[in-house]
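Examining the three-dimensional arrangement
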Amino acid sequence: MRKYLPVITILALIKLSIHLIGNRNYGFHRDELLHLSVSEHLDWGYFEFPPFIAFIGKIAHFSFGYSVSGIRFFSTLAGVGILVICCLIAKELGGKIKAILLAGVSVLAFVPFYRNHMLFQPVAFDQFFWTLGFYFLIKYFNTRNVKFLLLLGVSAGFGLMNKYTILVWGLGVVVGLLFYEKGKLFKNKWFYLSGIITFLIVLPNLIWQINHHFPLLLHLQKLKESQLDENGRFDFAIEQLKHPFTLTISLIGLFAYFFDKDLKKYKTFGIAALLIFFSMWIMQSKAYYFFAIYPVLFAAGAVKIEKLLQNKPRWNYAIASVLFLPIIPFLPHAIAILPIETYVSYSGLEMKKNGRIQLTDDYADMFGWEEQLKLVDSVYQSLPAKDKDNCVIWAKNYGEAGAIEIIGKKYGLPNPICSNGSFWLWGTGKTIGQVCISIGNEKEVVERVFAHYKLVKIIKHKYAIEEENNIPVYLCRNPKINLQQKWKSLEMHVFD
């Protein structure tokens, strides 16, 4: 193993370096603001996801404060971990130095991973736990050491505490194991003990879901209505075709799991990959959910290519170059390695007549928050001391609420109230909102709640996503309804 460490280390440092450059640019993404907000309210569950991201957010805040680059460092660590484990899987599959190089370069060359491993979201950790689980299973196959089955249970448990999509991974693995030595593993008591470990880790979140009437089901329903139903029948499959070079490596790996004489004993992973793919396609899942399967396919593909080129080993370097070099021009679109003005010029984006420049949704979602906070703070600071004590800041959506919760700390703003998503869980605070600063809520909504209101300003931003452009800020007084009494009735509308 020692002789492979220099190659793995260099590949890991390349990935880390790219992210250290890109992670520091632009501002927080709206989803990052939500994930950091839940870390301010630690619990065993939330409406949108399990609690793992909240605990990591708490650790990140303790380590770096609310620094953009510091918070994102943890997603990047997961990404680097995926690269390292992919290389280790290649070694366990019988690969030598060239296979390990190709496996690591495949991870580097898969463009979506840069976005996935930049933003502080459960996605990076989900991909990490999938890859780690596959690694532990391969280690068990190779050593028969039951400790790897137990570690598989731990990995699956933490994976479930991070993102529920790992249930599909579990389905694929279980079905795949039916074809491993004729299902022999299902007669092994340690396999069931592994399952018990997973269950015990997940149990607190399961109890939380029961106590809160399974908000997961409501979230899945709204997600399907608002996003998944809009996907075309073939969108999921077509999205996988957008990265042809790394797709080729993964397909070679899939083929090897079934037909290579040395690798077909690991066909469990090929079966799992196929079942996961078709399950997600049928469910019209988002394409990136499937990206977590690629490292275990990259590893097998790299091993197979190394074997095919054993008489021409230098061709492995050519393949590594063909994998990585073509993606370099696309890196600025995947990770924020360029300052925004440079990126706009690089992408050939032009300002529209309304003064707006349309970025991709992910980049656009990183702009506008600071401007919102400055205006809200100026309104808040203009209030008399008595009004400040009775003031609430009412945000329309979790992005605006998250900005006030996280970025607002440096301004000394009170925590927001918001009925969107998990923010509903934290209620309306101690005041009835005799004075209120409303951000994002339209006039028709504001006038239903308050007797007196005044438009302070409409916030515009040339880069912000359309949802966060032309944002109204109102100063409101004299509520017509008691929000504290009405709050409970809003539970079924948290995802509207």
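Residues numbered from 1 in each chain as written. Predicted model: local features only at pLDDT ≥ 70, side-chain atom pairs only at ≥ 80, totals over all residues. Heavy atoms only, no water.

Together, L193, I196, F199, L200, L206, I210, F214, L217 and L220 give the surface a local cluster of nonpolar side chains, amounting to about 800 Å² of exposed area. Sorting the residues of the nonpolar patch by element identifies helix 10 (189-211) and helix 11 (215-226) as the ones contributing at least two each. The biggest single contributor to the nonpolar patch is helix 10, with six residues. Checked against the element boundaries, I196 lands in helix 10. (Patch = residues over 30% accessible without salt bridge, like charges linked within 9 Å, V, L, I, M, F, W, Y side chains within 5 Å. Areas by Shrake-Rupley, 256 points an atom, 1.4 Å probe, with all protein chains shown as cover. Salt bridge = Lys/Arg side-chain N within 4 Å of Asp/Glu carboxyl O. Helix = DSSP H or I, 4+ residues; strand = E, 2+ residues; numbered from the N terminus.)

The next subject is the pattern of salt bridges. Here the structure, examined in full by the defined rule, presents 18 salt bridges. Two residues, E466 and R356, come together in a salt bridge whose shortest N-O distance is 3.1 Å. Residue E466 is found in the loop between strand 4 (450-459) and strand 5 (471-479), and its partner R356 is found in the loop between helix 18 (340-347) and helix 19 (361-364); the two are separated by 110 residues along the sequence. The exposure class assigned to E466 is exposed, which follows from its relative accessible area of 52%. With relative accessibility at 10%, the residue R356 sits in the buried group. Notably, a salt bridge pairs D387 with R477, separated by 3.0 Å at the nearest N-O pair. Taken together, the residues span a long stretch of sequence, with D387 in helix 21 (residues 385-389) and R477 in strand 5 at a distance of 90 residues. (Buried < 20%, exposed > 50% of the residue type's maximum accessible area, 1.4 Å probe, protein only.)

Bringing the packing of aromatic side chains into the picture now. Where two aromatic rings form a pair, the distance of their centres and the angle of their planes describe that pair. This model, assessed by the stated rule, comprises 49 aromatic pairs. Between F134 and F269, the ring centres sit 5.5 Å apart and the planes meet at 80°, which makes this aromatic pair edge-to-face. Of this pair, F134 sits in helix 7 (residues 122-143) while F269 sits in helix 14 (residues 267-282); the two residues are 135 residues apart in sequence, bridging distant segments of the chain. A relative accessible area of 1% means that F134 is categorised as buried. Pairing Y453 with Y474 gives two aromatic rings, centres 5.9 Å apart and planes at 75°, and the pair type is edge-to-face. Here Y453 is found in strand 4, whereas its partner Y474 is found in strand 5, with 21 residues between them in sequence. Cluster of aromatic residues (ring-pair linked, three or more members): F110, F113, F234, F236, F277, F278, W281, F290, F291, Y294 and F298. One Lys or Arg, K15, reaches over the ring of Y114 and ends 4.8 Å from the middle of that ring. Note that R30 overlies the ring of Y398, its terminal NZ or CZ placed 5.9 Å from the centroid. (Phe/Tyr/Trp six-rings, centres within 6.5 Å; stacked < 30°, edge-to-face > 60°. Lys NZ or Arg CZ within 6 Å of the ring centre and 35° of its normal.)

For the rest of this paragraph, the subject is the domain arrangement of the chain. Segmenting the chain into domains produces domain 1 (4-334) and domain 2 (367-489). Distance between the C-alpha centres of domain 1 and domain 2: 38 Å. Between domain 1 and domain 2, the buried area comes to about 1700 Å², and carbon and sulfur atoms account for 68% of it. On the domain 1 side of the contact with domain 2, R30, L33 and H41 bury the most area, a combined 39% of that side's loss. Counting every contact that joins domain 1 to domain 2 gives three salt bridges. (Domains from an automatic or database assignment. Buried area = accessible area lost by both parts, 1.4 Å probe.)

Relative to the helices and strands, E48 is located in the loop between helix 2 (30-39) and helix 3 (52-64). In this structure E48 is buried but unpaired, with R30 as the nearest side chain of opposite charge at 11 Å. There is a polar contact of 2.5 Å between the side chain of E48 and the side chain of S422. When sequence neighbours within four positions are dropped, the list of residues in contact with E48 reads L34, H219, G421, S422 and F495. (Lys, Arg positive; Asp, Glu negative; His and termini not counted. Polar contact = N/O pair within 3.5 Å; in protein donor to acceptor, adjacent residues only side chain to side chain. Contact = heavy atoms within 4.5 Å.)

Let's shift gears to the nonpolar core. Residues L93, I293 and L359 are the most contacted members of the largest nonpolar core, which totals 154 residues. Each of domain 1 (4-334) and domain 2 (367-489) gives at least three residues to this core. If we ignore the near neighbours within four places in the chain, the residues touching L359 are I340, Y343, V344, L349, A364, F367 and Y463. Of all hydrophobic cores here, the second largest spans 17 residues; its members include V392, C476, L483 and F495. (Core = buried A, V, L, I, M, F, W, Y, C linked by side-chain atoms within 4.5 Å.)

On to the sheet that holds strand 5, then. In space, the five strands of this open sheet follow the order 2-1-3-5-4, with mixed pairing throughout. Two strands bound the open sheet, and with one partner strand each, they are strand 2 (416-417) and strand 4. As judged from the eight bridges shared by strand 4 and strand 5, these two strands associate in the antiparallel manner. Bridge pairing links K457 to V473 in strand 5. (Pairing = 2+ DSSP bridges.)

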